[in-house]
Structures are given as C-alpha cells and as structure tokens.
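# Structural overview
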Amino acid sequence: MRPFYALLALLWMGVLWWLSERPFPGAGLPHPWDKLAHFLAYALLGALWRRGLGRFLPAFLLAAFYGVVDEAHQSLVPGREAFGLDFVADFLGAYVGARGAGRWEAPEASRP
C-alpha cells in the first residue's frame, strides 16, 4: 500500500501547486481561517508522505520543504503573496500530519 500513498501525496502536491497558481488568495477565506486551510492541507500532505514512506522524518521534511517551495512559487503569481505565517501553518501541519499518521502503523517489532 505504500506506493499508493506516495502516489496520493504526489497528486495532492499537484493540487496544492494548481491552487497556488490561482490569482485569488485563500479561496476567499478570511484571516485566520486561511491559516487553518494551510495547516490542514499540509497535515494531509505530511500524513500521506508518512504512510507512503513509512518514516516520520523524511515525510515531515518532504512536506515542510514543499511548503517552502509552494510559498515561493505563490509569491511569483500575480495577485498572490507569500506570508511567513502561511509557512508556519504549513510547517506545523506537515509535522502534525506526519507524526499523527504514524499512530496508525504497527510498531516495527510487530511487523512480519
């Protein structure tokens, strides 16, 4: 099942990239709800990478790094800006998602 989750993570990254291409920020979400959207989007990405890679640190780093790349990309789109608080929400979401997804896995010692 790991390749399936890795594929879902890649697809979700594509969706996030596509959303960052849109000239309207935050899908019209007012502050602070836009930060919650960032948190949830990157929590999902962190969780998908954790399930796909099986380890916390690579999943977290990949999701968090993508948050940096996506914010930089977004800053180049007319009508969009990159905010430090957006990155903080991305980072925290990636952490919580990658950490939380590990709770659904069997411990290493009990795996066949």
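Just above sits the structure.
About the criteria used
- Here the residue index of a chain counts from 1 through its sequence in written order.
- Residue-level local features of this predicted model are given only where pLDDT is at least 70; pairs of side-chain atoms are given and counted only at 80 or more, and the full residue set underlies all totals for whole chains, interfaces and linings.
- Side-chain numbers here rest on the full set of heavy atoms in the structure, without hydrogens or water.
- A helix here means a DSSP run of H or I that spans at least four residues, while a strand means a run of E at least two residues long, and both kinds are numbered starting from the N terminus.
- We call a residue buried when its accessible area falls under 20% of the maximum for its residue type, exposed when it is over 50%, and partly exposed in between, using a 1.4 Å probe and counting protein chains only.
- Only heavy atoms matter for contacts: two residues are in contact if any of them lie within 4.5 Å across the pair.
- A 1.4 Å probe and the Shrake-Rupley method give the accessible areas. Residues count as covered only by the protein chains that appear here.
- Whenever a helix is involved, its axis is fitted only over the stretch in contact; in every case the axis is a line through C-alpha atoms, and angles between N-to-C directions fall within 0 to 180 degrees.
- Under this scheme an angle from 65 to 115 degrees is roughly perpendicular, one under 35 degrees roughly parallel, and one over 145 degrees roughly antiparallel; angles in between are oblique.
- Crossing handedness follows the turn of the near helix against the far one: under a right angle anticlockwise gives a left-handed crossing, and clockwise gives a right-handed one.
- We call a set of buried residues a nonpolar core when its members are Ala, Val, Leu, Ile, Met, Phe, Trp, Tyr or Cys and they connect through side-chain atoms within 4.5 Å of each other.
- We define a salt bridge as a contact between a side-chain nitrogen of Lys or Arg and a carboxyl oxygen of Asp or Glu at a distance within 4 Å.

This brings us to the overall build of the protein. The number of helices and strands found in the protein is 4 helices and 0 strands. Among the 112 residues that make up the protein, the fraction classed as buried is 38%. Counted over contacts in the protein with a minimum sequence separation of 6, partners at least 24 positions apart contribute 77%. Surface exposure of the protein reaches about 6,700 Å², of which carbon and sulfur atoms provide 75%.

Moving on, we get to the side chain of His-73. Structurally, His-73 can be placed in helix H3 (residues 56-75). Apart from residues lying up to four places away in sequence, His-73 is in contact with Trp-17, Ser-20 and Glu-21.

Quick look at the packing of helix H1 (residues 2-21) against helix H2 (residues 33-53) now. It is the contact of H1 with H2, at a shortest axis distance of 7 Å, that shows an interaxial angle of 155 degrees. In terms of their interaxial angle, H1 and H2 are classed as roughly antiparallel. Where H1 crosses over H2, the two elements pack in a sense that is left-handed. Contact residues: Arg-2, Tyr-5, Ala-6, Leu-8, Ala-9, Leu-10, Trp-12, Met-13 and Leu-16 in H1; Ala-41, Tyr-42, Leu-44, Leu-45, Leu-48, Trp-49, Arg-50, Arg-51, Gly-52 and Leu-53 in H2.

What follows deals with the nonpolar core. Of all hydrophobic cores here, the largest spans 17 residues; its most connected members are Leu-16, Tyr-42, Leu-45, Trp-49, Phe-60 and Tyr-66. Broken down by secondary-structure element, the contributors of at least two residues to this core are H1, H2, H3 and helix H4 (84-101). Broken down by element, this core gets its largest block of residues, 6 residues, from H3. When sequence neighbours within four positions are dropped, the list of residues in contact with Leu-45 reads Ala-9, Trp-12, Met-13, Leu-16, Ala-63 and Tyr-66.

What follows concerns the pattern of salt bridges. This model, assessed by the stated rule, comprises 2 salt bridges. Among the salt bridges present, the one from Asp-34 reaches Lys-35, with a minimum N-O distance of 2.8 Å. In this structure, Asp-34 and Lys-35 share a single accessibility class: buried. Asp-86 is paired through a salt bridge with Lys-35; the nearest N and O atoms lie 2.7 Å apart. Here the residue Asp-86 occupies a position in helix H4, and Lys-35 occupies one in helix H2, the gap between them amounting to 51 residues. A single burial state applies to Asp-86 and to Lys-35, both of which are buried. Connected via shared salt-bridge partners are Asp-34, Lys-35 and Asp-86.

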